[in-house]
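Report on the structure
Below are the chains, spelled out letter by letter.
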Amino acid sequence: MNQRVDSFQLANAIRALAMDAVEQAKSGHPGLPMGCADIATVLFTQFLKFDAADPEWPDRDRFVLSAGHGSMLLYALLYLTGNKAMTIDEIKRFRQLGSLTPGHPENFITPGIETTTGPLGQGISTAVGMAMAERHLAAQFGGDLVDHFTYVLASDGDLMEGISQEAIALAGHLKLSRLIVLFDDNGISIDGALSIADSVDQIARFKAAGWAAERIDGHDAKAIADAIARAQNADRPTLIACKTIIAYGAPTKAGSEKSHGSPLGADEIAGARKKLGWDAAPFDIPADILQAWRAAGSRGAAQRDDWSRRLLARDAAARSEFSRRASGELPTRALNEAVAKMKESLAAAPKEIATRTSSEQVLDVLTAAAPEMMGGSADLTGSNNTRAKGMVAFSANNYAGRYVHYGIREHGMAAAMNGMALHGGIIPYSGTFLVFSDYLRPALRLAALMGERAIHVLTHDSIGLGEDGPTHQPVEHLAALRAIPNCNVFRPCDTVETLECWQLALEAKDRPSVLALTRQNLPQLRLANDKDNRCAAGAYELAAAEGGPARVSIFASGSEVSVAMGARKLLMERGIATRVVSVPCMDLLLESAAEDRAKIIGNAPVKVGIEAAIRMGWDAIVGADGIFIGMNGFGASAPAKDLYKHFGITAEATADAAQKRLG
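First things first, this report covers the structure right here in the doc. Because the structure is predicted, anything quoted here is derived from the model rather than measured. (Residues numbered from 1 in each chain as written. Predicted model: local features only at pLDDT ≥ 70, side-chain atom pairs only at ≥ 80, totals over all residues. Heavy atoms only, no water.)

**As for the overall build of the chain**
To keep things clear, this is the line we draw: Helix and strand labels come from DSSP, where a helix needs a run of H or I of at least four residues and a strand needs a run of E of at least two; each type is numbered from the N terminus. Only the C-alpha atoms count toward the radius of gyration. The rule for a globule is 2.2 Å times the residue count to the power 0.38. Relative accessible area decides the class of each residue, using a 1.4 Å probe on protein chains only: under 20% of the type maximum gives buried, over 50% gives exposed, and in between gives partly exposed. Throughout, a contact is declared for two residues whenever any of their heavy atoms are within 4.5 Å. Areas reported as accessible are Shrake-Rupley estimates using a 1.4 Å probe. Residue values count occlusion only from the protein chains shown.
For the chain, the count of helices and strands is 26 helices and 20 strands. For 663 residues, the compact-globule estimate of 2.2 N^0.38 gives 26 Å, and the chain sits close to it at 28 Å. Its C-alpha atoms put the chain at 90 × 55 × 45 Å along the principal axes. Out of the 663 residues in the chain, the part that is buried amounts to 60%. Long-range pairs, those at least 24 residues apart, make up 78% of the contacts in the chain between residues at least 6 apart in sequence. When the accessible surface of the chain is split by element, carbon and sulfur atoms take 51% of a total near 24200 Å².

Spelled out as structure tokens, the structure:
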């Protein structure tokens with residue numbers, strides 16, 4: 001760092017850019033960047049291991065701005081440290097269409113952004129997954145290749161969101177000592193003083209969860225540096241509560257909610273410039289200050305070079321495996337061989353089992369072929385069947401383990417999975433009941449937005465779970481999950497489809513997947529040894545019409561495909577040519593080319609959809625005038641067979657409805 005430039009001047013560069021960009025956009029949040037500028041300056045100039053020339057360096061420290069509304073802090077840091085993509089013109093285009101500076105940080109748009117944040121609580125919870133990934137990969141590949149910290153800048157809003165409790169409890173339990181959270185403790189929220197809504201002692205709260213925690217002056221550079229140094233040597237995760245003044249330097253709006261989410265205004269900015277001793281023009285950074293920041297941005301180049309030499313010193317096999325996993329590429333040959341072998345076995349010896357059990361058997365095969373797969377469950381391991389043979393638990397005593405006991409923390413689990421996927425080197429999957437997808441949906445939505453491969457095994461997928469009743473029987477959940485863009489929802493009908501759907505989920509590098517699986521046993525309907533993945537089209541003809549062109553086409557997913565096959569048998573006995581189309585992934589079907597989709601749907605005069613869920617979404621296949629056999633309300637508590645009969649989801653009801661429509 002240029003010795004003539006002190007930390008306060010460097011921090012003022014962040015403040016100035018934040019004020020100017022928000023003012024020009026007439027939109028944004030200047031308060032946090034101005035209040036946290038001192039914290040960020042100390043972290044980025046003295047501690048953060050990174051090289052601005054290579055924002056994808058695998059062993060860089062991760063910095064997560066959990067308080068994503070303060071995005072100009074991050075954009076200013078990227079520009080000042082010399083990130084090639086972040087130019088001053090992009091800073092001037094803050095919050096404009098097509099810019100690299102959107103209102104909230106988006107990692108799929110802006111190089112150097114580790115994760116998309118904005119929904120409060122998600123960033124800190126995602127960071128827990130990053131810290132888990134770091135420890136796991138260090139245990140697998142060694143500390144000479146994987147040895148970095150995950151830093152989080154969090155707001156009081158992040159800590160009020162319920163997901164934060166799930167995340168900090170998990171991190172404390174796992175003793176993730178490479179996780180350091182810097183809390184912007186400014187005492188202000190949108191409605192005013194934080195005290196009108198919250199009085200939690202965050203220091204005591206974090207300590208109770210197994211963290212080290214302390215409070216410091218967030219505008220004292222030495223205090224900040226000393227606290228980070230202590231945190232780096234702690235044997236557990238650390239919270240540093242930094243007492244700050246929101247919009248530090250603003251003459252009348254500092255310390256006020258008025259600076260949170262609105263431009264300061266020309267007069268206030270002029271007053272802030274005077275108070276801070278900053279006389280440069282808008283968007284202009286004095287040369288000596290910019291030079292000092294650029295030096296900080298290149299400080300990690302030597303560390304990156306040393307790391308590259310250590311990687312090259314590894315034997316070819318280890319080097320290749322690390323690079324493959326870091327890139328996210330699959331061990332394609334091993335996976336394809338494993339899939340082919342299992343298909344051959346299933347053709348020789350069909351199985352009538354629940355698809356959750358099918359999934360367990362598939363995982364035994366796939367996790368052996370793909371060591372990057374890291375599983376888990378929200379305290380439902382025995383129900384979700386997500387622990388493959390030989391999987392050892394990931395714990396504070398064994399970070400090499402590949403199975404995570406998340407506890408009853410569905411939301412925190414999903415966010416941690418996002419963090420693992422974003423970190424790289426891991427393909428996370430985990431399980432809970434489908435009905436509890438409501439608890440994890442915000443994190444799943446972010447995975448879809450970011451295009452991250454996280455796989456959710458959601459079992460007990462319908463009224464077929466039986467006696468636990470309507471509180472546990474998902475009805476609207478399939479439709480709700482299918483409504484998320486860029487997310488594949490798979491509902492396989494048997495073990496063969498379960499295998500194919502798992503293969504597709506692994507191959508979908510740019511999106512999350514859901515596997516909705518049954519509690520009840522299902523017959524194996526795919527009996528041939530198909531070389532191709534028939535589920536890849538989203539839907540396919542399972543049974544063709546016989547005795548002439550199809551007069552009825554029945555479309556079904558999951559457990560209802562066997563119902564469809566039973567209805568086809570009845571209709572054919574009545575002389576009605578009927579075909580059955582299995583729909584394991586409606587999303588892939590609807591994404592396919594129109595002509596391909598039309599061939600699969602066909603032109604039978606009567607189209608029937610069957611799913612033990614609500615109708616929403618099925619009109620895209622059967623048409624608004626098509627028949628739907630499914631649920632119109634909530635379920636009930638009874639054995640599964642009684643429920644299917646009670647709600648009319650049977651082969652007989654389907655055949656009768658189709659025949660009646662034919663007239």
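Let us keep going from here.
**Here we look at helix 26 (residues 651–662)**
As a reminder, the rule being used: A helix is expected to reach a length of 1.5 Å times the quantity of its residues less one. Taking the helix axis as origin, the arc is that swept by the directions to the C-beta atoms.
With twelve residues, helix 26 extends 17 Å between its outermost C-alpha atoms, agreeing within 8% with the 16 Å of an ideal straight helix rising 1.5 Å per residue. Burial in helix 26 covers these residues: Ala651, Thr654, Ala655 and Ala658. The buried residues of helix 26 all sit within an arc of 95 degrees when viewed along its axis, so they share a single face. In this fold, the buried residues of helix 26 make contact with strand 17 (552–556), helix 21 (560–573), strand 19 (606–610) and strand 20 (627–629).

**Looking at the environment of asparagine 632**
Of note, asparagine 632 is situated in the loop between strand 20 and helix 25 (640–646). Taking relative accessible area as the criterion, asparagine 632 reaches 81% and is therefore assigned exposed. Residues asparagine 632 and alanine 612 lie 20 residues apart in sequence; the distance between their C-alpha atoms is 9.5 Å.

**Considerations on the sheet that holds strand 11 (residues 427–433)**
As a reminder of what qualifies: Whether two strands pair comes down to DSSP finding at least two bridges between them. Axis definition: a line fitted to C-alpha atoms, over the contacting stretch in the case of helices. Angles run 0 to 180 degrees between N-to-C directions.
An order of 10-9-11-12-14-13 is seen for the six strands of this open sheet, with the pairing classed as parallel. The open sheet terminates on both sides in strands that have one partner only, identified here as strand 10 (403–405) and strand 13 (488–490). Taking each pair of neighbouring strands and ignoring which way they run, the sheet shows an average axis angle of 20 degrees. Taken together, the five bridges between strand 11 and strand 12 (residues 455–459) define a ladder with parallel strand orientation. When the bridges of strand 12 are listed, threonine 432 appears paired with leucine 458. The sheet strands contacting helix 17 (residues 410–423) are strand 9 (373–377), strand 10, strand 11 and strand 12, and the helix crosses strand 11 at an angle near 165 degrees.

**What to know about empty space enclosed by the protein**
For clarity, the cut-off: Put simply, the grid is 1 Å and covers the protein atoms alone, a cavity is a trapped set of points that fit a 1.4 Å probe, a pocket is an open set with protein on both sides within 12 Å along at least five of seven lines, and lining residues have an atom within 4 Å of a point. Grid points are joined across faces, edges and corners, and a volume is the space filled by probe spheres set on the points. Residues were grouped as follows: Ala, Val, Leu, Ile, Met, Phe, Trp, Tyr, Cys and Pro as nonpolar; Asp, Glu, Lys and Arg as charged; and all remaining residues, including Gly, as polar.
What the rule picks out here adds up to two cavities of 30 Å³ or more. Space inside the largest cavity adds up to approximately 220 Å³. Counting residues per element, the lining of the largest cavity draws most heavily on helix 3 (residues 71–81), at four residues. Classifying every residue of the lining of the largest cavity gives nine nonpolar, three polar and five charged. Lining the second largest cavity, in full, are Lys343, Leu346, Ala347, Val496, Gln524, Arg526, Ala528, Asn529 and Asp530. Sort the elements by how many residues they give to the lining of the second largest cavity and helix 14 (residues 332–348) lands first, with three residues.

**Examining the nonpolar core**
For clarity, the cut-off: Here the nonpolar core consists of buried residues drawn from Ala, Val, Leu, Ile, Met, Phe, Trp, Tyr and Cys, with membership extended through side-chain atoms lying within 4.5 Å.
With 68 residues, the main nonpolar core has Met132, Leu176, Leu179, Trp211 and Tyr406 as its most contacted residues. Here this core gets ten residues from one element, more than from any other, and that element is helix 5 (residues 122–141). Excluding anything up to four places from it in sequence, leucine 176 contacts Val128, Ala131, Met132, Arg135, Ala171, Arg236, Pro237 and Tyr399. One finds Ile113, Tyr151, Trp278 and Ile285 within the second-largest nonpolar core, a separate group that totals 63 residues.

**Description of the side chain of arginine 453**
Note the threshold: Only four residue types enter the charge count, namely Lys and Arg as positive and Asp and Glu as negative; His and the chain termini do not. Salt bridge, as used here: a side-chain nitrogen of Lys or Arg that lies within 4 Å of a carboxyl oxygen of Asp or Glu. Polar contact is the term for a pair of N or O atoms within 3.5 Å; when the atoms are in protein, one must be able to donate a hydrogen and the other to accept it, and sequence-neighboring residues count only if both atoms are side-chain atoms.
Of note, arginine 453 is situated in the loop between helix 18 (437–450) and strand 12. Here arginine 453 occupies a buried position and makes no salt bridge, while the nearest side chain of opposite charge, glutamate 372, is found at 6.1 Å. Separated by 2.7 Å, the side chain of arginine 453 and the backbone oxygen of leucine 506 make a polar contact. The contacts of arginine 453, once residues within four sequence positions are left out, are Gly328, Leu330, Ala421, Ile427, Pro428, Ala505, Leu506, Ala508, Lys509 and Arg511.

**A word on unusual backbone geometry**
The bulk of non-glycine residues show a negative phi, and the bulk of peptide bonds are trans. You will see that alanine 247, though not glycine, has its phi angle at about 55 degrees, which is positive. Structurally, alanine 247 is set in the loop between strand 7 (238–243) and helix 10 (266–276). Positive phi is not limited to glycine here, since asparagine 486 has a value of about 60 degrees. As for its position among the elements, asparagine 486 is in the loop between helix 19 (477–482) and strand 13.

**Focus on the pattern of salt bridges**
The full count for this structure, using the stated rule, is 35 salt bridges. For arginine 93, the salt bridge goes to glutamate 90, with nearest N and O atoms at 3.4 Å. Relative accessible area serves as the criterion here: at 32%, arginine 93 is assigned to the partly exposed category. Look at glutamate 90 and you get buried, because its relative accessible area is 13%. A single salt-bridge network, built from bridges that share partners, covers Asp461, Arg482, Arg491, Glu560 and Glu611.

**Focus on helix 13 (residues 316–327)**
Spanning twelve residues, helix 13 covers 16 Å between terminal C-alpha atoms, matching the ideal 16 Å at 1.5 Å per step. Along helix 13, the residues classified as buried are Phe322, Arg324 and Arg325. Down the axis, helix 13 shows its buried residues gathered within 165 degrees of arc, on one side only. Tucked into the core, helix 13 has its buried residues touching helix 5 and helix 12 (301–313). In this structure aspartate 315 caps helix 13, since a side-chain oxygen of it lies 3.1 Å from the backbone nitrogen of alanine 317. Looking one or two residues past helix 13, glycine 328 carries a phi angle of roughly 85 degrees, positive in sign.

**Re the pairing of strand 12**
We count it as follows: Think of it like this: strands point away, you trace from the first strand over the helix to the second, and a clockwise trace means the crossover is right-handed.
Most of strand 12 is tucked away, with five of its five residues classed as buried. Side chains Ile455, Val457 and Thr459 project from strand 12 onto one buried face, and the interleaved His456 and Leu458 project onto a second face that is buried too. Note on the crossover from strand 11 through helix 18 to strand 12: the handedness is right-handed.

**Here we look at the sheet that holds strand 19**
Picture the strands of a sheet paired through backbone hydrogen bonds; they go either parallel or antiparallel. Taken together, five strands build an open sheet; the order of strands is 16-18-17-19-20 and the sheet is mixed. Edge positions in the open sheet fall to strand 16 (540–543) and strand 20, since each of these has one partner strand only. Strand-to-strand twist of the sheet, defined as the mean angle between neighbouring strand axes without regard to direction, takes the value 30 degrees. Here strand 17 runs beside strand 18 (residues 578–582); their pairing, made up of five bridges, is parallel. By the bridge assignment for strand 18, isoleucine 554 is matched with valine 580.

**Points about the layout of surface pockets**
The space that makes up the largest pocket amounts to roughly 690 Å³. Ala326, Ala421, Leu422, His423 and Gly424 are, among the 37 residues lining the largest pocket, the residues nearest its centre. Secondary-structure elements contributing two or more residues to the lining of the largest pocket are helix 5, helix 13 and helix 17. For the lining of the largest pocket, the class distribution of residues is 16 nonpolar, nine polar and twelve charged. Considered as a void within the structure, the second largest pocket measures approximately 260 Å³ in volume. In terms of lining residues, the second largest pocket is bounded by Gln520, Asn521, Leu522, Pro523, Ser559, Glu560, Ser562, Val563, Ala640, Lys641 and Tyr644.

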